[in-house]
Amino acid sequence: MHVQHAANETKGQTQWNAVNWRQANRTVRNLRQRIFKAERHGDPRKVKSLQKLMLRSYANTLLSVRRVTQVNAGKSTPGVDKVVIKTPKARGTLVDELQTYRPWQVRPTRRVYIPKSNGKLRPLGIPTVKDRVMQARIKNVLEPQWEARFESSSFGFRPGRSAHDAISAIFQLANPQGRKQWIVDADIKGAFDNIGHAPLLKAIGTVPGHGLIKQWLKAGYVDAGLEHETSSGTPQGGIISPLLANIALHGMEEALGVRRAKSSGRIRGHRAVVRYADDFVVFCESREDAEVAKEELSAWLGERGLELSEEKTQIVHITTGFDFLGFNVRQYKVPSSQRGYRTHTKPSKASVQKIRDKLRREWQMMRGTHAGVVIARLNPIIRGWANYFRMGVSSKIFAGLDHWMFIRTCRWTKSRHNTKPWHWVKEKYWGRWNKSRRDKWVFGDKATGRYLLKFAWTKIERHILVRGNASPDDASLSRYWEDRRRKAHNLPAIRLNMARAQQWKCPVCGGHLLNGEDLQDHHVMLNRENPERDDVKNRRLVHYFCHGQIHGGHAARPRAAKELLREG
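Residues numbered from 1 in each chain as written. Predicted model: local features only at pLDDT ≥ 70, side-chain atom pairs only at ≥ 80, totals over all residues. Heavy atoms only, no water.

## So, the pattern of salt bridges
Move 1: A full pass over the atoms with the stated rule returns 19 salt bridges.
Move 2: In this structure, the salt-bridge partner of R158 is E147, at a minimum N-O distance of 2.9 Å. Of this pair, R158 sits in the loop between α5 (129-147) and α6 (163-173) while E147 sits in helix α5, and the two are 11 residues apart along the sequence.
Move 3: Taking the relative accessible area as the measure of exposure, R158 reaches 4% and is therefore buried.
Move 4: A relative accessible area of 1% places E147 in the buried class.
Move 5: Connected through salt bridges with shared partners, the residues R32, E143 and D473 form a single ionic network. (Salt bridge = Lys/Arg side-chain N within 4 Å of Asp/Glu carboxyl O. Helix = DSSP H or I, 4+ residues; strand = E, 2+ residues; numbered from the N terminus. Buried < 20%, exposed > 50% of the residue type's maximum accessible area, 1.4 Å probe, protein only.)

This is the structure in structure tokens:
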């Protein structure tokens, strides 16, 4: 595999803090949309030509380096070469190195283990930083092509789709008026570790980067200093691995005989499937058909080197219910509803127990600490869990967790002030800290005015299912995706108003504010002594690394962006 240097760039030219991210984002977005359109129109020659252009793209390299070394959670995790990239100079040097014309040699991954919910360990393969960046580049080559092919029932690790979309699709299929009452709750045994290389490479075809993908699959891993070969599977921990898994499992609808109406895309057959990566459920109209579907799935997966887990795969009726992605889906008998049943999606018992265990460990670790530390540590956990389960029938569970948390706060205050009377402790920690609510039993910190969130404050909202096979790479749906992103936010009120005023765009890079990066407030007027400094009119919401670029004095921004930062 050879990587050509961009025609308008020279070796050693990249100044990381002077990169025009607005232009880079625009270039890559445009190329992705052109690849998607060519694939949809059935023009393989044009697809391949555009993919080669993407692979050589300087903008693609810039964005890939940024994502791997600044955005991704594993940015500080080294591979077998023990190298991490932390400085702007090192990032610029890496960009120039990757743009040079030379053969590429993949390094083996570094094997690490993380605990699973069942107490076992999950193996991860950590590629080197350079290999991760190359994987990010190849992903931009491959993903828009497959976004034009993927089935609308696939939701995991795809742009614009989430676990909430999968649950919403299940909720629609599990309605009491439907005939598909029997469910194959399937689990693939070690999916990422057992995917067959030959069928996967055959499905990918001779796309630009095919040789690199084959190298990554065969690269092996280093565990405890010993190098091991890999004859199957895609290494969990690689940027491109989820995409490869989706490609390997593509075609499940066709294998199950799922039929859809050409005009609307709605299911017309006697089966339906919802898949999130390697987790999926199949809806059938009878137990006998569910048994047949299970056998057909086993044969289809066997061709890909995979098999169903007999222990975890089960066939259940919708009135018995099943767990999927942390939710429990079940029909309950309600005489007042049509046909006497109603479908509920709510946090599963395992999910509730898991959050209690996590919060309990946090409380135990914070014995003797200040209330401000407790609030800072627990609020993100509470907010994240409640936002994930806000789309279900979660009100009673939220209230129960709040009661449980009240008991934990009482224990914490008692251990901290074991000689003080209750009325003194109550006066010090509880009150109406949240002025927007008439709740005098809110745990807070007088020194900072911050308070502990409650699960029940999160409003229950149904998630709007993504439209059919819609993709963010489809340029004709740009308005649809813009509106959808604006609805899928969890921003505080002040930041929400700022985002709306900015049309949900970062004024530095021009990208969408909710692209996965951390957000910061940029103060146009920097004088800390000026009382108007913290006024909303003086603040702009920008990405974390764009903020650093502003204050680094090297921000390459179009005039429109500079005016936005200055005037708003």
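## A short note on the sheet that holds strand β3 (residues 182-187)
Move 1: Within the open sheet, the four strands sit side by side as β6-β7-β3-β8. Their pairing is antiparallel. Looking at the sheet topology across the chains shown, the edges are occupied by β6 (272-276) and β8 (314-317). Neighbour to neighbour, the strand axes of the sheet diverge by 20 degrees on average, direction disregarded.
Move 2: Sheet topology places β3 next to β8; four bridges connect them, and they run antiparallel. When the bridges of β8 are listed, D185 appears paired with Q314.
Move 3: Packed on one face of the sheet, helix α12 (residues 287-302) meets β3, β7 (279-284) and β8 and runs near 140 degrees to β7. (Pairing = 2+ DSSP bridges. Axes fitted to C-alpha atoms, helices over the stretch in contact; angles between N-to-C directions. Contact = heavy atoms within 4.5 Å.)

## Section: the side chain of N140
Move 1: Note that N140 resides in helix α5.
Move 2: A polar atom in the side chain of N140 sits 2.7 Å from the side chain of R32.
Move 3: Ignoring anything within four residues of it in the chain, the contact list for N140 reads V28, R32, I35, M54 and N60. (Polar contact = N/O pair within 3.5 Å; in protein donor to acceptor, adjacent residues only side chain to side chain.)

## Remarks on the layout of surface pockets
Move 1: The computed volume of the second largest pocket comes to approximately 870 Å³.
Move 2: Taken together, 33 residues form the lining of the second largest pocket, with S152, R260, G265, R266 and I267 sitting closest to its centre.
Move 3: Going through the elements one at a time, α6 and β6 are the ones with two or more residues in the lining of the second largest pocket.
Move 4: The dominant element in the lining of the second largest pocket, judged by the number of residues it contributes, is α6, at three residues.
Move 5: Grouping the amino acids of the lining of the second largest pocket by side-chain chemistry returns 13 nonpolar, nine polar and 11 charged. (1 Å grid on protein atoms, 1.4 Å probe; cavity = no way out; pocket = protein on both sides within 12 Å on 5 of 7 lines; lining within 4 Å. Points joined across faces, edges and corners; volume = space filled by probe spheres on them. Nonpolar A, V, L, I, M, F, W, Y, C, P; charged D, E, K, R; others polar.)

## Regarding the packing of helix α3 (residues 58-71) against helix α4 (residues 88-98)
Move 1: The N-to-C vectors of α3 and α4 enclose an angle of 135 degrees; their axes lie 10 Å apart at closest approach. Between α3 and α4, the angle is such that the two are oblique. Every pair of crossing elements has a handedness; the one defined by α3 and α4 is right-handed. Counted together, Y58, T61, L62, V65, T69 and Q70 of α3 and R91, L94, V95 and L98 of α4 form the full contact between these two elements.
Move 2: Across the contact of α3 with α4, the residue classes tally to six nonpolar, three polar and one charged. (Parallel < 35°, antiparallel > 145°, perpendicular 65-115°, else oblique. Left-handed = near helix turned anticlockwise from the far one by under 90°.)

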